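Chain by chain, the residues run as shown.
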Amino acid sequence: MAESARVYPLRREPQPQAPPQEPPTQEQEPLWREVLGRRLRALRQEQGETLSETAGRAGLSPQYLSEIERGRKEPSSEMIAALAGALGTTLTTLTEQVAGDLRRQQALAQQALAQRAQHRASGPVILALAA
């Protein structure tokens, strides 16, 4: 007659897992339409205008202008020129402002990336308290 044995698995202590390392990638660049939308909204608000007032002068619906300002729609060059005119600026000036906004955002993103890399390189800080 064969004996039966009880088999119990060995308990292993869970190994501490290292936190996942983020690959040092560049920050995702903002889309042109998002930066353009923020600039258009800022110009409109600086002038104290409503969506309806600006949209009416540009020949757009307020809903469509709202979507442009939120970066949801990619307006044609004709629409951008019409909006620039409705806001009392030129297409060239508006484009230069958007380009400046993009440069500033890129510089900030690179600065943040460098700070994270420097923080990661310094390693964890270990504190010991003596009684």
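See above for the structure.
Residues numbered from 1 in each chain as written. Predicted model: local features only at pLDDT ≥ 70, side-chain atom pairs only at ≥ 80, totals over all residues. Heavy atoms only, no water.

Student: Just to check I follow, could you spell out the side chain of T89 for this structure?
Tutor: Tracing the sequence through the fold places T89 in the loop between helix 4 (77-86) and helix 5 (91-122). Classification of T89 by relative accessible area gives buried; the value is 19%. Residues contacting T89, with those up to four places away along its chain left out, are L43, A84 and L94. (Helix = DSSP H or I, 4+ residues; strand = E, 2+ residues; numbered from the N terminus. Buried < 20%, exposed > 50% of the residue type's maximum accessible area, 1.4 Å probe, protein only. Contact = heavy atoms within 4.5 Å.)

Student: Could you clarify how one ought to interpret the packing of helix 1 (residues 32-46) against helix 3 (residues 62-69) in this entry?
Tutor: Direction vectors running N to C along helix 1 and helix 3 enclose 120°, while the axes themselves pass 7 Å from each other. As far as their axial angle goes, helix 3 and helix 1 are oblique. On helix 3, the residues touching R33, G37, R38, L40, R41 and R44 of helix 1 are L65, S66, I68 and E69. Of the residues assigned to the contact of helix 1 with helix 3, the class counts are 3 nonpolar, 2 polar and 5 charged. (Axes fitted to C-alpha atoms, helices over the stretch in contact; angles between N-to-C directions. Parallel < 35°, antiparallel > 145°, perpendicular 65-115°, else oblique. Nonpolar A, V, L, I, M, F, W, Y, C, P; charged D, E, K, R; others polar.)

Student: Explanation requested: the pattern of salt bridges in the structure shown.
Tutor: Note on pairing: side chains with opposite charge can pair once their charged atoms come close. Tallying each qualifying case throughout the model produces 7 salt bridges. Among the ionic pairs, R39 bridges to D101, the shortest N-O distance being 2.9 Å. Here R39, found in helix 1, pairs with D101, found in helix 5; they are 62 residues apart in sequence, far enough to count as distant. One exposure class covers both R39 and D101, and it is buried. As a salt-bridge pair, E67 and K73 come within 3.9 Å of each other at their nearest N and O atoms. For E67, a relative accessible area of 26% translates into the label partly exposed. One network of salt bridges, with partners in common, ties together R39, D101 and R104. (Salt bridge = Lys/Arg side-chain N within 4 Å of Asp/Glu carboxyl O.)

Student: Explain the side chain of E49 to me, please; I cannot follow it from the model alone.
Tutor: Secondary-structure assignment places E49 in the loop between helix 1 and helix 2 (51-58). Residues in contact with E49, not counting those within four places in the same chain, are R44, T54, R57 and L87.

Student: Looking at this structure, I do not really get the packing of helix 2 against helix 3. What am I missing?
Tutor: The geometry of a pair of packed helices is captured by two quantities: the angle between their axes and the separation between those axes. In contact at an axis separation of 8 Å, helix 2 and helix 3 are set at 105° when each is read in the N-to-C sense. With respect to their mutual orientation, helix 2 and helix 3 come out roughly perpendicular. Residue-level inspection shows L51, S52, T54 and A55 of helix 2 in contact with helix 3, the latter providing P62, L65, S66 and E69. In the contact of helix 2 with helix 3, the residues fall into 4 nonpolar, 3 polar and 1 charged.

Student: When you look at helix 2 in this model, what are you seeing that I'm missing?
Tutor: Of the residues making up helix 2, those classed as buried are T54, A55 and A58. Along the long axis of helix 2, the arc covered by the buried residues comes to 95°, so they all point the same way. Looking one or two residues beyond helix 2, the residue adopting positive phi is G59, at roughly 80°. (Arc of directions from axis to C-beta.)

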